[in-house]
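Residues per chain are reported as follows:
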Amino acid sequence: MISVVALGGALFGYFVYSPAPEVPRFSGTLTKGTIEVGGLKLTYLTYLPRGLAKGPPLVMVMHGSDENGARIRIETGYGFERLADERGFAVVYPDGYEGYWNACNIVGDYSANKLNIDDVGFLTGVVDTLITEIGVDRDHVFATGVSRGGHMAFRLALEAPARFRAVAAVAANVPTPENFKSTRAGLGTSSVMIMNGTMDPLNPFDGGEVKLFGLFIGRGEVRSSRESGQYFADLNHIAGAAQTSDRQVADGVHVEQARWRDDSKVEVELVAIHSGGHGIPQPYRRRPRLLGPSPKEPNGPAVIWAFFERQRPK
């Protein structure tokens, strides 16, 4: 007879296990950097493809809760480095303080939030360092993040649009007003993409409290994915209804896109992954089953890079 302990272990393994993707053979090098912000030494990893042209774009990739830059490389299936080799841009993976980001939400019992860590200062400082050290094109600096990193992307769009031309938030919605602490830097924001799964058990696609199965990891209330897109469209005075499209990408998975655009250089896009869970869809890695379905299509990093690539300098 199978023991209760063995059964519990098997169930835990079934829902939590996630096989690591095979590490590709990259052309370039990964290095570690450190900068000091507010008396804290904070770290980051930078990937530079071999033969990178002068004045390359930069993509910042931010990890989720209780993780680091090394971990998000794995969770994205090294997707941004694969693209960097193909498309010719630099990638940077910053490490949040004790594994977390001080994003827009008020609710959150972790040090980055309670100590009010200056993550906007940290991340803009990393960009400035790379502009100086490797000659990054300051008009083509982008940021993306998954889960808690997605929430940090929202904060960068609001508070540092002069540094970040566009951001992409994955598995994240904008907090509701009573759970919101970010302030705008001025008129307008960065261009914003939101990529969310409709079957996300942690970040509710239709809005509500951010909790895993309603029990764990409380982060307060958030708006729905559609309301989050409309929030940024309204801030940028993009009038009119969003343009929508829908396409099937795999069996049981279809992608619905809503785009708010006008004659300005700022756009907002919602990418709804129907039958998608918590995380970035990509063909290289299956997420833990605990976080919901893990579709291999669309290729999330490629969709995000296409959004970044079409942004015109302000």
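All of these numbers come straight from a predicted model, not from anything done at the bench.

**Focus on the overall build of the chain**
On a plain count of helices and strands, the chain comes out with eight helices and 12 strands. Rg of the C-alpha trace for the chain: 19 Å, near the compact-globule value of 20 Å for 314 residues, within the 12% margin. Referenced to the eigenvectors of the C-alpha coordinate spread, the extents of the chain come out at roughly 65 × 45 × 40 Å. Within the chain, the proportion of its 314 residues that are buried is 56%. Taking all contacts inside the chain whose residues are at least 6 apart in sequence as the whole, residues at least 24 apart take part in 67%. Averaged over its 33 positive side-chain charges, the chain has a centre that lies 3 Å from the centre of its 34 negative ones.

**Looking at helix α6 (residues 148-159)**
The terminal C-alpha atoms of α6, which comprises 12 residues, lie 17 Å apart, in line with the 16 Å expected from a rise of 1.5 Å per residue. In terms of residue burial, α6 counts as a mostly covered element, since 11 of its 12 residues are buried.

**What to know about the sheet that holds strand β1 (residues 29-37)**
Pairing within the open sheet is mixed, and its 10 strands lie in the order β1-β2-β4-β3-β5-β6-β7-β12-β11-β10. Bordering the open sheet on either side are β1 and β10 (243-250), each of which pairs with just one other strand. For this sheet, the mean inter-axis angle between neighbouring strands, taken without regard to orientation, is 20°. Pairing between strand β3 (residues 58-62) and strand β5 (residues 141-146): five bridges, direction parallel.

**Let's talk about the pattern of salt bridges**
Applying the stated rule across the entire model yields 10 salt bridges. A salt bridge links Arg87 to Glu309, with the shortest nitrogen-to-oxygen separation between them at 2.6 Å. One end of the pair, Arg87, is in helix α3 (residues 79-87); the other, Glu309, is in helix α8 (residues 300-309), with 222 residues separating them in the sequence. Owing to a relative accessible area of 41%, Glu309 belongs among the partly exposed residues under this scheme. In this structure, Asp109 and Lys114 form a salt bridge, with 3.1 Å as the shortest nitrogen-oxygen distance. Judged by relative accessible area, which is 64%, Asp109 ranks as exposed. Overall, Lys114 belongs to the exposed group, its relative accessible area being 57%. Through salt bridges with shared partners, a single network forms among Arg259, Glu267, Glu269 and Arg310.

**Considerations on the layout of surface pockets**
Of the volumes computed, that of the largest pocket is approximately 620 Å³. Of all elements in the fold, only α2 (69-75) and α6 reach the threshold of two or more residues within the lining of the largest pocket. The leading source of residues in the lining of the largest pocket is α2, at three residues. Of the residues contributing to the lining of the largest pocket, the split by class is 13 nonpolar, nine polar and eight charged.

**Let's talk about the pairing of β1**
In this sheet, strand β2 (residues 40-48) lies alongside β1 in antiparallel orientation, the contact comprising nine bridges. The partner of Thr29 across the bridge, within β2, is Leu48. Where β1 folds back on β2, the antiparallel hairpin that results is connected by two residues, among which Gly38 adopts a positive phi of roughly 60°.

**Here we look at helix α7 (residues 225-235)**
Residues of α7 that are buried include every one of Ser225, Ser228, Gly229, Tyr231, Phe232, Ala233 and Leu235, and no others. For α7, the elements touching its buried residues are α6, β7 (191-197), β11 (253-260) and β12 (268-274). Phi turns positive, to about 55°, at His237, one or two residues after α7.

**Description of the packing of aromatic side chains**
Applying the stated criterion across every chain, the model contains 11 aromatic pairs. An angle of 85° between the planes, with centres 6.2 Å apart, marks the rings of Phe142 and Trp305 as edge-to-face. Placement of Phe142 in strand β5 and of Trp305 in helix α8 is noted, with a sequence separation of 163 residues between them. Taken individually, Phe142 and Trp305 each receive the classification buried, so the pair is uniform in this respect. Taken together, Phe89, Phe142, Trp305, Phe307 and Phe308 form an aromatic cluster joined through their ring pairs. Between Arg82 and the ring centre of Tyr284, over which it is positioned, the NZ or CZ distance is 3.6 Å.

**Looking at the nonpolar core**
Ranked by size, the top nonpolar core spans 52 residues in total, and within it Met60, Met62, Phe154, Phe164 and Phe232 carry the most contacts. For this core, the element with the most residues is helix α5 (residues 119-134), which contributes seven residues. With sequence-adjacent residues up to four places away left out, Phe232 is seen in contact with Phe154, Ala157, Leu158, Val174, Thr189, Val192 and Val268. Membership of the second largest hydrophobic core comes to 32 residues, among which are Phe89, Val170, Met195 and Val249.

Conventions and cut-offs
Residues numbered from 1 in each chain as written. Predicted model: local features only at pLDDT ≥ 70, side-chain atom pairs only at ≥ 80, totals over all residues. Heavy atoms only, no water. Helix = DSSP H or I, 4+ residues; strand = E, 2+ residues; numbered from the N terminus. Rg over C-alpha atoms; globule rule 2.2 N^0.38 Å. Buried < 20%, exposed > 50% of the residue type's maximum accessible area, 1.4 Å probe, protein only. Contact = heavy atoms within 4.5 Å. Lys, Arg positive; Asp, Glu negative; His and termini not counted. Charge placed at Lys NZ, Arg CZ, Asp CG, Glu CD. Expected span 1.5 Å × (residues − 1). Pairing = 2+ DSSP bridges. Axes fitted to C-alpha atoms, helices over the stretch in contact; angles between N-to-C directions. Salt bridge = Lys/Arg side-chain N within 4 Å of Asp/Glu carboxyl O. 1 Å grid on protein atoms, 1.4 Å probe; cavity = no way out; pocket = protein on both sides within 12 Å on 5 of 7 lines; lining within 4 Å. Points joined across faces, edges and corners; volume = space filled by probe spheres on them. Nonpolar A, V, L, I, M, F, W, Y, C, P; charged D, E, K, R; others polar. Phe/Tyr/Trp six-rings, centres within 6.5 Å; stacked < 30°, edge-to-face > 60°. Lys NZ or Arg CZ within 6 Å of the ring centre and 35° of its normal. Core = buried A, V, L, I, M, F, W, Y, C linked by side-chain atoms within 4.5 Å.

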